[in-house]
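# Structure at a glance
This is what each chain is made of:
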Amino acid sequence: MPTDTIASLAPQVASGAIRSERLTEDALSVITRLQPSLNAFITVTADEALALAREADRDIAAGRYRGPLHGIPLSLKDLIDIAGVTTTAASKLREGCVALHDAPVVRHLRDAGAVFVGKTNLHEFAFGTTNEDSAWGPARHPDDPTRSPGGSSGGSAIAVRTGMSIASVGTDTGGSIRIPAAACGIVGLKPGWGEVSAAGVVPLSRQLDHVGPLARSVHDAELLYNVLRGAGANSGDEDDVETLFGLKLAALDGYFAERLSDEVDAGISAALALLRQQGAKISTASIFHAQDIAPIYLHLVLADAAAYHAAALQRRPHAYTDNVRIRLEMGRHVLAEDYVRATRGRQVITHEVEQALAGVDALVLPALAIEAPPIGAATVPVMGGQESVRNVMLRCTQPFNLSGHPAISLPCGSSKAGLPIGLQLVGHAGRTPELLRVARAVERVLNSRG
């Protein structure tokens, strides 16, 4: 895995020691080499990227440096509009849908001087967790191409992990940033709901959609987060990291500690033991109605997605991949009373997450209950038997789309087969910067294991 981060490259770009054009050529070279086997991109914008990189180099040489993202090659999930580029949402339904305007998040990145190398592959219309239902074919895990990179932002995670881009921007409606980040061994941040604009982004569920970064470090995620929300790239001193002493975490038990793979269970337990050893105070907490999370989520997202796609589903049903079309058709049958009941249930889950956070700095739990699953697998083994791949991949992430709390996935080791395991931290509503400070301290300890 490439180790260069935005934070490490930015001073070199600012000083002219490294040119943006070279960084961009390197990223495009990796895309050329790995795209045939990993299928991480739908559209590569090589000419436009090199033009932006040369412009960045000229501006920097002339003293017009814009900050840490200036000249840095990034990728964008192909749900996000870039003016003049097709936004496919990984669906044949949207072939030829060229964006007329930049999405607000793209405008913020452009103002910060970022370079866009292309649009990444995803699960069609973000309606899945494995990235295998795409009109452009499945994206494949960088450690084992027979496995899923997670989804729906799978192409973005692959790009960051392999060096096709230094960082990426994805979306998260039920875990679609955190799941692939955990599966591929990188950092994925879902900011609090509404902190980052989702305008100019093809929706799955407008009330649950979040936009956020996939990156190689918490600091990089923070740099991107601040730009995406329009606050600029300043995020304080990278070395200003609190220790774990006095840090209070609550490990979610019950539902969130069950139905894990043996390897994830062992990896999370080892990470918690290390955090305790380094001074964190870790209690336990529960979400009383955790068993209701999946049906609450499904009744909302199925109905929201079916409503958005109603006309196209009626007119061109066969333009969708089969599995996504079936889910959309299921959404047509959600009763109004079930939707209202789910809306009330969402309020209950939000309240219970708030209760679990009372008196602690963050919640801690797995980001992904299993390692990256084989492509095409319908079920996977977990403690207690077999579990549906889709259900188990969403299990630990979807509660915080319902509640809107900020959440971040960090790498916390690997399975015996070398597949990454992700630890998730969940912060207080409206306090994403505080969650990032906690995550930075946790990251430092986890990385100290070598």
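A quick note: this is a predicted structure, and the numbers were derived from the prediction, not measured. (Residues numbered from 1 in each chain as written. Predicted model: local features only at pLDDT ≥ 70, side-chain atom pairs only at ≥ 80, totals over all residues. Heavy atoms only, no water.)

## As for unusual backbone geometry
Only a minority of non-glycine residues have a phi that is not negative, and only a minority of peptide bonds are not trans. Convention followed: Going along the chain from the N terminus, every DSSP run of H or I of four or more residues is numbered as a helix, and every run of E of two or more is numbered as a strand.
Note that the residue after Gly151, namely Ser152, is joined by a cis bond; omega there is 15°. Looking at where Ser152 falls in the secondary structure, it is placed in the loop between strand 3 (115-120) and helix 5 (154-162). Despite not being glycine, Ala89 has its phi angle at roughly 55°, a positive value. Its location among the elements puts Ala89 in the loop between strand 2 (73-77) and helix 4 (104-111).

## Things to note about the pattern of salt bridges
Applicable threshold: Should a side-chain nitrogen of Lys or Arg be within 4 Å of a carboxyl oxygen of Asp or Glu, the pair is scored as a salt bridge. Summary of the burial criterion: residues with accessible area below 20% of their type's maximum are buried, those above 50% are exposed, and those between are partly exposed, where the area comes from a 1.4 Å probe applied to protein chains only.
Throughout the structure, instances matching the rule amount to 18 salt bridges. Residue Arg22 pairs with Asp26 through a salt bridge whose shortest N-O separation is 3.4 Å. Highlighted residues: Arg22 and Asp26, both in helix 2 (residues 20-38), separated by 4 residues, approximately one helical turn. For Arg22, a relative accessible area of 45% corresponds to the partly exposed category. Between Arg341 and Glu337 there is a salt bridge whose closest N-O contact spans 3.8 Å. In this pair, Arg341 and Glu337 are both assigned in helix 11 (residues 336-357), 4 residues apart and thus about one turn of the helix distant. Via salt bridges that share partners, Asp59, Arg64 and Arg66 belong to a single interconnected network.

## A look at helix 4
Every α-helix carries 3.6 residues per turn, so stepping three or four residues along brings you back to the same face. We apply this condition: Any pair of residues with heavy atoms lying within 4.5 Å of one another is described as a contacting pair.
Of all the positions in helix 4, only Pro104, Val105, Val106 and Leu109 are classed as buried. Those residues of helix 4 hidden inside the fold are in contact with strand 2, strand 3, strand 4 (167-172), strand 6 (210-215) and helix 7 (218-228). Residue Gly113 follows helix 4 closely and has a positive phi angle near 90°.

## Details of the nonpolar core
Where we set the bar: The set of buried Ala, Val, Leu, Ile, Met, Phe, Trp, Tyr and Cys residues whose side-chain atoms join them within 4.5 Å is what this entry labels a nonpolar core.
Grouped together as the largest cluster of nonpolar side chains are 127 residues, with contacts concentrated most on Leu109, Leu249, Leu363, Ile408, Leu425 and Val442. In contact with Leu363, other than residues within four places in its own chain, are Ala250, Leu252, Val353, Ala356, Leu357, Phe400, Gln424, Leu425 and Val426. Counting residues in hydrophobic clusters, the runner-up holds 17 residues, among them Leu28, Ala40, Phe41 and Leu50.

## With respect to helix 3 (residues 46-61)
Note the threshold: Expected helix span is taken as 1.5 Å per residue step, with the number of steps being one fewer than the number of residues.
Taking 1.5 Å as the rise per residue, helix 3 with 16 residues should run 22 Å; its terminal C-alpha atoms sit 22 Å apart, in good agreement. Buried-residue contacts for helix 3 involve helix 1 (6-15), helix 2 and strand 3. With its phi angle positive at about 85°, Gly63 sits one or two positions after the end of helix 3.

## Focus: the packing of aromatic side chains
In this description, an aromatic ring pair is defined by two values, namely the gap between the centres and the angle between the planes. Put simply, the rule is: For Phe, Tyr and Trp, where Trp contributes only its six-membered ring, two rings pair if their centres lie within 6.5 Å, and the inter-plane angle classes them as stacked under 30 degrees, edge-to-face over 60, or tilted in between. Over a ring means this: the NZ of a Lys or the CZ of an Arg is within 6 Å of the ring centre and within 35 degrees of the ring normal.
Counted under the stated rule, the structure contains 2 aromatic pairs. Look at Phe125 and Tyr320: their rings are 5.8 Å apart centre to centre, the planes differ by 45°, and that puts the pair in the tilted class. You can see Phe125 sitting in the loop between strand 3 and helix 5 and its partner Tyr320 sitting in the loop between helix 9 (293-315) and helix 10 (322-331), a full 195 residues away along the chain. As far as burial versus exposure is concerned, Phe125 and Tyr320 are alike and both buried. Centroid distance Tyr255 to Phe256: 5.1 Å. Interplanar angle 80°. Geometry classified as edge-to-face. The two residues Tyr255 and Phe256 agree in class, both being buried. One residue, Lys92, lies across the ring of Trp136, its end atom 4.6 Å from the ring centre.

## Things to note about the pairing of strand 5 (residues 187-190)
The line we're drawing: Should DSSP find at least two bridges between two strands, the strands are taken to pair.
Burial of the side chains of strand 5 extends over both faces: Val187 and Leu189 are buried on one face and Gly188 and Lys190 on the other. Relative to strand 6, strand 5 is paired through 2 bridges, and the arrangement is antiparallel. Among the inter-strand pairings, Gly188 is bridged to a residue of strand 6, identified as Leu214. In this structure, strand 5 lies alongside strand 12 (residues 407-414), joined through 3 bridges in antiparallel fashion. Bridge pairing in strand 12 links Leu189 to Ile408.

## Here we look at the state of the cysteines
Rules: Our working definition of a disulfide is a cysteine sulfur pair at a distance within 2.5 Å.
Going through the model one piece at a time under the given rule, you end up with 0 disulfides. Cysteine Cys184 remains unbridged, with the sulfur of Cys412 as its closest cysteine sulfur at 15 Å.

## Here's the deal with the pairing of strand 7 (residues 248-252)
Defined as follows: Look down the strands so they point away from you; if the path from the first strand over the helix to the second goes clockwise, the crossover is right-handed.
Within strand 7, 4 of the 5 residues are buried, leaving the element largely enclosed by the surrounding structure. In terms of strand pairing, strand 7 meets strand 8 (residues 281-285) through 5 bridges, oriented parallel. By the bridge assignment for strand 8, Lys248 is matched with Lys281. Following the chain from strand 7 across helix 8 (residues 262-277) to the adjacent parallel strand 8, one finds a crossover that is right-handed.

All quantities given are derived from atomic positions and should not be read as evidence of function.
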